Amino acid sequence: MDELKPINEPEPIDRMNEFESQLQQAFVRRPAPPGLKRRILDQRNRRLTARFHSRIVLWQRLAACFVLAAALGGGLTWRHVEEQRKGEAARVQVITALRITNHALNEVKARLAVRDE
Amino acid sequence: MARNWQPDFERLVDEHQSMVFSLAWRMTADRGLAEEIAQDVFLELDTHMTRIESPQHALFWLRRVAMSRSADALRRRRVRGVDLWIEIEESHGAPQEERFSPLGARLEQLLTTLPEPQRAALVLRYQEDLTPEEIAATLESPLATVKSNLQRGLKLLRAKAECNLKDYVRPGKSLGGARADG
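Residues numbered from 1 in each chain as written. Chains lettered and ligands numbered in written order. Predicted model: local features only at pLDDT ≥ 70, side-chain atom pairs only at ≥ 80, totals over all residues. Heavy atoms only, no water.

### Structural notes on the confidence of the model for chain B
Residues and elements named next belong to chain B. Our working definition: The predictor rates its confidence in each residue with pLDDT, a number between 0 and 100. By definition, residues are in contact when any of their heavy atoms lie within 4.5 Å.
Overall, the prediction assigns chain B a mean pLDDT of 81, with 77% of residues at 70 or greater. pLDDT under 50 marks residues 86-98. Its contacts with residues more than four places away, or in other chains, come to 28 contacts. Confidence over residues 173-182 falls short of pLDDT 50; this stretch has 28 contacts with residues more than four positions distant or in other chains. Confidence metrics for the complex model read pTM 0.68 and ipTM 0.72.

Quick look at the structure:
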């Protein structure tokens, strides 16, 4: 880094310092465009609103999914219960039919026994 | 550090919009692009507000992100093959009252012809009055690189100024005394 070492000639250093001070004056911060802050805040508000809306949409979708899942689950449960009920009714009917048959057979058996005597 | 400091977005925009805009403009030499970059930087700040710990942190963060976004924008434009160095003389719709001294405008124009790392170092050095160490931290570059960029950038700018701005800058034989050590 030889260039960093100060040199003995005073004139170029003075000129460089003068040039640097000219640079510092030239490179002052420029004022921001008049509408920049408003645009930033508008865009920020739009983003916040969009985020709020997307959050609402997300919750709506979640709620819709929940309702759909509940309806599906309810339907499946109802179907299961209904099948069980029908099965039970069929079992009762079969048992009743068997009882009637049994009763009829017993009656036939009794009549045959009477006739054989 | 101010632990109880509560960042106020609007206030931060008020305080630093000029700094962010100027950095972006001097880096890109495009007023419209600089406005876009400034907007993006502040919107990004908004999403990082919870991580900002103090006013100094906010200032450092804004400088770093402004420089980084400007470099990204320059890279994108290079990739697209657009000639970046649109004449700054036109000022891209800047009102006339915003124009600074003729020397300032010419120096800014010459600045846009420097390589990007040198331009970045010079802008942070002379616009923001940062030390080489602070510039190195802002640009996330080694200190030696920053010092070298400052030296070379200053030398090159001075040489260009001597050629192009004879009315304003006194010609010199040597440029060895460049102040790059902060």
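### So, the nonpolar core
Residues and elements named next belong to chain B. Heads up, the condition is: In this description, a nonpolar core means a group of buried Ala, Val, Leu, Ile, Met, Phe, Trp, Tyr and Cys residues linked to one another through side-chain atoms lying within 4.5 Å. Whether a residue is buried, partly exposed or exposed follows from its accessible area with a 1.4 Å probe, protein chains only, as a fraction of its type maximum: under 20%, in between, or over 50%, in that order. A helix here means a DSSP run of H or I that spans at least four residues, while a strand means a run of E at least two residues long, and both kinds are numbered starting from the N terminus.
With 55 residues, the main nonpolar core has Leu45 and Leu107 as its most contacted residues. Here this core takes 10 residues from helix H1 (residues 9-28), the largest share from any one element. Here Leu45 is in contact with Phe9, Leu12, Ile52, Trp61 and Leu62, once residues within four sequence places are set aside.

### Here we look at the confidence of the model for chain A
Looking at chain A as a whole, the pLDDT averages 87, with 86% of positions reaching at least 70. Taken together, the stretch residues 1-10 of chain A has pLDDT below 50 and engages in 13 contacts with residues farther than four places along the chain or on a different chain.

### A look at the packing of helix H5 (residues 116-126) of chain B against helix H6 (residues 132-139) of chain B
Residue and element names in this part refer to chain B. Convention followed: A fitted line through C-alpha atoms represents every axis, and for helices the fit uses only the stretch in contact; the resulting angles, taken between N-to-C directions, go from 0 to 180 degrees. Note on terminology: angles under 35 degrees are roughly parallel, angles over 145 are roughly antiparallel, angles of 65 to 115 are roughly perpendicular, and the others are oblique. Here a crossing is called left-handed whenever its near helix is offset anticlockwise from the far helix by less than a right angle, and right-handed whenever the offset is clockwise.
Look at H5 against H6: their axes get within 10 Å of each other, and the N-to-C directions meet at 125°. By the criterion of interaxial angle, the relationship of H5 to H6 is oblique. The chirality of how H5 crosses H6 is right-handed. Residue-level inspection shows Ala120, Ala121, Leu124 and Arg125 of H5 in contact with H6, the latter providing Ile135, Thr138 and Leu139.

### What about the layout of surface pockets?
All names here are of chain B. Going by this rule: Using a grid of 1 Å spacing that covers the protein atoms alone, one calls a set of points a cavity when a 1.4 Å probe fits there but cannot get out, and a pocket when the set is open and has protein on both sides within 12 Å along at least five of seven lines; lining residues are those with an atom within 4 Å of a point. Grid points are joined across faces, edges and corners, and a volume is the space filled by probe spheres set on the points. Think of it as three bins: nonpolar holds Ala, Val, Leu, Ile, Met, Phe, Trp, Tyr, Cys and Pro, charged holds Asp, Glu, Lys and Arg, and polar takes everything else, Gly as well.
Counted as a void, the largest pocket has a volume near 300 Å³. The wall of the largest pocket is formed by 16 residues, among which Ala71, Glu116, Ala120, Leu139 and Ser141 lie closest to the centre. Per-element accounting of the lining of the largest pocket gives the leading share, 6 residues, to helix H3 (residues 55-80). Grouping the constituent residues of the lining of the largest pocket by class yields 6 nonpolar, 5 polar and 5 charged.

### Thoughts on the side chain of B:Asp46
Let me state the cut-off plainly: Here a polar contact means two N or O atoms within 3.5 Å. Within protein one must be a hydrogen donor candidate and the other an acceptor candidate, and residues neighboring in sequence count only if both atoms are side-chain atoms.
Looking at where B:Asp46 falls in the secondary structure, it is placed in helix H2 (residues 31-47). A distance of 3.0 Å separates a polar atom in the side chain of B:Asp46 from a polar atom in the side chain of A:Arg44. With residues up to four places along the chain from it excluded, the contact list for B:Asp46 reads A:Arg44 and B:Phe9.

### What to know about the packing of H1(B) against H2(B)
Residue and element names in this part refer to chain B. Where H1 meets H2, the axes come as close as 8 Å, and the angle between the chain directions of the two elements is 140°. Between H1 and H2, the angle is such that the two are oblique. Read as a crossing pair, H1 and H2 show a hand that is right-handed. Between H1, through Phe9, Leu12, Val13, His16, Gln17, Val20, Phe21, Ala24, Trp25 and Thr28, and H2, the contact on the second element is made entirely by Arg31, Leu33, Ala34, Glu35, Ile37, Ala38, Val41, Phe42, Leu45 and Asp46. A class-by-class count of the residues in the contact of H1 with H2 yields 14 nonpolar, 3 polar and 3 charged.

### Considering a nonpolar patch on the surface
Residue and element names in this part refer to chain A. Stated formally: In this analysis, a patch consists of residues with relative accessible area above 30% that form no salt bridge, clustered at 9 Å for like charges and at 5 Å for the nonpolar side chains Val, Leu, Ile, Met, Phe, Trp and Tyr. The method behind every accessible area is Shrake-Rupley, applied with a 1.4 Å probe, and residues are considered shielded solely by the protein chains displayed. For this analysis, a salt bridge means a side-chain nitrogen from Lys or Arg found within 4 Å of a carboxyl oxygen belonging to Asp or Glu.
Judged by side-chain polarity, Leu58, Trp59 and Leu62 come together as a nonpolar surface patch covering roughly 350 Å² of accessible area. Among the structural elements, Leu58 can be located in helix H2 (residues 36-116). With a relative accessible area of 49%, Leu58 lands in the partly exposed category.

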